[in-house]
Each structure stands twice: as structure tokens, then as C-alpha cells.
Amino acid sequence: MFRSVIQGVGAYLPERVLTNAELAKQVDTSDEWIIERTGICKRHVAADGQKTSDLAIEAATRALKAAGRDGNEVDLFVVATATPDETFPATAARVQSALGRPGVPSFDVQAVCSGFIYGLAVVDNFIKAGQSKCAVLIGAETFSRILDWEDRTTCVLFGDGAGAVVVSAEEGTGTSSDRGILSTHLHSDGRYHDMLYVDGGPASTQTTGHVRMKGKEVFRHAVVNLASTVREALDANGLTIDDVDWLVPHQANKRILDSTASKLGMDPAKVIVTVDQHANTSAASIPLAFETGVADGRIKPGQLVLMEAMGGGFTWGSALVRL
Ligand code: UT7
């Protein structure tokens, strides 16, 4: 059987860093509150005129370099984003025209903070069906564009950034010792729309809108849903939490990461944490955390990595990957 093997990972963060102290000058908050309730110390913010596609192209270029691949070899570009450059065409089309061959398919996936997990499932299925041999998947966001900078309950939580992986087809044995994506599990429940959404869009208000969130409720659902999707990933592969080398979670809140790890009985030293440095970058957060772990040498070839995310929709899911 074909396995979808991650050949390279890349990341890009905009230059501008926004600290908690700077935010405390704009809204009624403090460095202490933000760190204590979220673990966030700072976030990156795109420059004026810098678009999601600019971040995505930079991250994908770095991932291609890490994989030793040329953009001309890529036969599929997928961008996971909730903050596209424009309502249409897809941000992925800009990436494809910058890096790929004319004519190669490209499209966006919209599952907000779970977008990268959804994207992994899409790419994996294209590869398993024989429709792609080398795909680039990017999680890229400019959430700074859809924040209400006067709402202290949301504006302190998010940041901009992009992370990318190059995934290519390799023959596998079908066992959990194969390299590549071993499984993906996806979920959604639209009944929870009002817990986390953007109050605008082309078909409703004809505006872009701003992020609205009932943080406490989202938190409660996140811990339950994340633990359950991790368990289904392990069960599907006949593995236990002790077999996992690294948990690479969506980075929304350090307290969510801690609660989920403790619910799973996972050693906190095996959890990659970047929320302190990047805040919540939505679909970009897993590849940004993954890149951090690979670049600093913690995540090594052959190791088992469990990724999980939860976001607006609600959407949630997990992916088990052997590097
Ligand atoms: O990526 C998608 C998934 N998103 C998430 O997973 C986010 C999940 N939720 C969270 O991370 C947390 O719920 C928050 C960080 C958003 C909030 O933390 P919390 O401990 O649940 O606080 P809270 O909402 O219960 O608010 C506690 C207090 C409130 O004041 P009162 O009503 O007790 O007087 C808030 O008004 O903290 C106040 N507050 C703030 N104070 C200072 C809310 N935001 C701020 C702020 N600075 N930025």
C-alpha cells in the first residue's frame, strides 16, 4: 500500500512581534493575566500588505528546501486557512502559481484550527488513491485581520504564521512501523457554531467580520474532544500512549495542552509547546510546532508523532504520523 510520508517541514513567522505588554496598552489586560490564563507571552503579526499567501509561500519554499524537492515536482497544493487573501480564488492557487507547474490542482481547506489535520487527511487520501505522488500542505493564517482589537477576550489569544509539509508517496507494509501518515480521524458538530465563529461573510453580512468566542465553553469541549480523538487514533493502530514519542497539539492555550496531556496520562516532557511564542495561529499552529520540534532535533526520523486539534465548527481530529 502507499503511505504518505512527510519528507520536509518548513515554517514562517512575520517579523513583527507583539508582546503582552504592548497589548495591555490597547485593552484592559495585563501580561500576568495572559500568561496565567493562556501561557502566551507574545505573537507575530503580519505587516501591512502582507497576505496569508505570502506567509504560505515562504513556509512552503522552506519545506521544499528541507525535503530536497523542487516545486515543479509537486502535483497538489493544499492550503488550510480560515483567513484567505480573498473570498475567492483559493489562497492555494497563489501558492501554486508562485511555486508549482501551471495546471497542477490547488485548493483551500476550511476547518479553522483543525484545518491542518483535515488537510493531512485530504492529502493522505489523494496519495492513497494514486491521484498525487508529491503534495504540499500548508497551514497559513493572518488572524490579526479578523480580530476585534477592542475585545480583550479574543485579541490577546491569536497570532499570524504559516507552516508547511511536503508529503510524498512511498510503498509501505500497512503496519504501524511504516513511515508516513498511519491514520487520520476527523469530526465536526455544527450545533456548536455560536461558541466560536466570525460574525461576517459574503453570504451573510458582505463584510469580513470578527472572531467571537465563548472561551470557557470552548475550553471545556476541547479537553474532552481532544482526549477522545487521541484515544481513537491509538485504538485504530493498536497502540498505547506509551508508544507515542511526541504529542504535537494545536496550540490554543497552555492549560488545554496540560489538561489533555494529563487526561491521557502523557508525560508533559513529550508535548511540543509553542503557544508561549506564537499564541494561537489556528491552522498554522500544528505545522509551526512540528517544525520547531524537528528543527531543534527533538523529533527524529522514525519517531511516532500524534497531532490533534479542535476549532470553530466545532471541528476536531487527530493524525498519527511516523516521521
Ligand atoms: O483554537 C480554537 C480553540 N480555542 C480555544 O481553545 C480557546 C479556549 N478558551 C480559553 O483558552 C480560555 O477560556 C480563555 C483564555 C479564552 C479565557 O480563560 P478563562 O479562564 O476561561 O477566563 P474567563 O473567560 O472565565 O474569564 C475570567 C475573567 C472574566 O472576568 P469576570 O467576569 O470574572 O470579572 C473576564 O472578563 O477574566 C476576564 N478576562 C480578562 N481579563 C484580563 C477575559 N479576558 C481577559 C483579558 N485580560 N484578556
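Residues numbered from 1 in each chain as written. Predicted model: local features only at pLDDT ≥ 70, side-chain atom pairs only at ≥ 80, totals over all residues. Heavy atoms only, no water.

Now for the pattern of salt bridges. Within this structure, the stated rule accounts for 16 salt bridges. A salt bridge links arginine 94 to glutamate 86, with the shortest nitrogen-to-oxygen separation between them at 3.5 Å. According to the relative accessible area criterion, arginine 94 is partly exposed, its value standing at 38%. Of the charged contacts in the structure, one is a salt bridge between aspartate 124 and lysine 128, with a shortest N-O distance of 2.9 Å. Of this pair, aspartate 124 and lysine 128 both sit in helix 5 (residues 115–128), 4 residues apart, which is roughly one turn of that helix. On the basis of relative accessible area, aspartate 124 is assigned to the buried category, the value being 3%. One connected set of salt bridges, linked through shared partners, spans Asp148, Asp151, Asp199 and Arg212. (Salt bridge = Lys/Arg side-chain N within 4 Å of Asp/Glu carboxyl O. Buried < 20%, exposed > 50% of the residue type's maximum accessible area, 1.4 Å probe, protein only. Helix = DSSP H or I, 4+ residues; strand = E, 2+ residues; numbered from the N terminus.)

Now for the packing of aromatic side chains. The description of two aromatic rings rests on the distance between their centres and on the angle between their planes. Here the structure, examined in full by the defined rule, presents 3 aromatic pairs. Consider the rings of phenylalanine 107 and phenylalanine 126, whose centres lie 6.0 Å apart with planes at 35°: the pair is tilted. Taken together, the residues phenylalanine 107 in strand 5 (residues 106–109) and phenylalanine 126 in helix 5 connect sequence positions 19 residues apart. Owing to a relative accessible area of 26%, phenylalanine 107 belongs among the partly exposed residues under this scheme. Taking relative accessible area as the criterion, phenylalanine 126 reaches 23% and is therefore assigned partly exposed. (Phe/Tyr/Trp six-rings, centres within 6.5 Å; stacked < 30°, edge-to-face > 60°.)

The environment of the ligand is made up of 23 residues, and the closest members are Thr29, Arg37, Lys216, Asn253 and Asn280. Within the side chain of arginine 37, an N or O atom sits 2.7 Å from an oxygen atom of the ligand. Here arginine 152 contributes a backbone N or O atom positioned 2.9 Å from a nitrogen atom of the ligand. For the ligand, the accessible surface in isolation is 960 Å², of which the surrounding protein chains cover 73%. Of all elements in the fold, only helix 2 (31–38), helix 6 (152–155), helix 7 (215–236) and helix 8 (254–264) reach the threshold of two or more residues within the shell around the ligand. In terms of residue count, helix 7 provides more of the shell around the ligand than any other element does, 4 residues in total. Its residues placed into classes, the shell around the ligand shows 11 nonpolar, 7 polar and 5 charged. Split by domain, the shell around the ligand shows at least three residues from each of two domains, domain 1 (2–171) and domain 2 (180–322). (Near = heavy atom within 4 Å. Polar contact = N/O pair within 3.5 Å; in protein donor to acceptor, adjacent residues only side chain to side chain. Areas by Shrake-Rupley, 256 points an atom, 1.4 Å probe, with all protein chains shown as cover. Nonpolar A, V, L, I, M, F, W, Y, C, P; charged D, E, K, R; others polar. Domains from an automatic or database assignment.)

Its 16 residues place the ends of helix 3 (residues 52–67) 22 Å apart at the C-alpha level, agreeing with the 22 Å of an ideal helix rising 1.5 Å per residue. Among the residues of helix 3, those classed as buried are Thr52, Ser53, Leu55, Ala56, Ala59, Ala60, Ala63, Leu64 and Ala67. Looking straight down helix 3, one finds its buried side chains confined to an arc of 165°; they lie on one side. Next to the buried residues of helix 3 lie strand 1 (2–12), helix 4 (91–99), strand 6 (134–142) and strand 7 (160–171). (Expected span 1.5 Å × (residues − 1). Arc of directions from axis to C-beta. Contact = heavy atoms within 4.5 Å.)

Here we come to the domain arrangement of the protein chain. Domain annotation for the protein chain reports domain 1 (2–171) and domain 2 (180–322). The junction of domain 1 with domain 2 conceals about 3,900 Å² of combined surface from both sides, 67% of it contributed by carbon and sulfur atoms. Inspection of the region where domain 1 meets domain 2 yields 2 salt bridges. The residue aspartate 148 makes a salt bridge to arginine 212 at a minimum N-O spacing of 3.1 Å. (Buried area = accessible area lost by both parts, 1.4 Å probe.)

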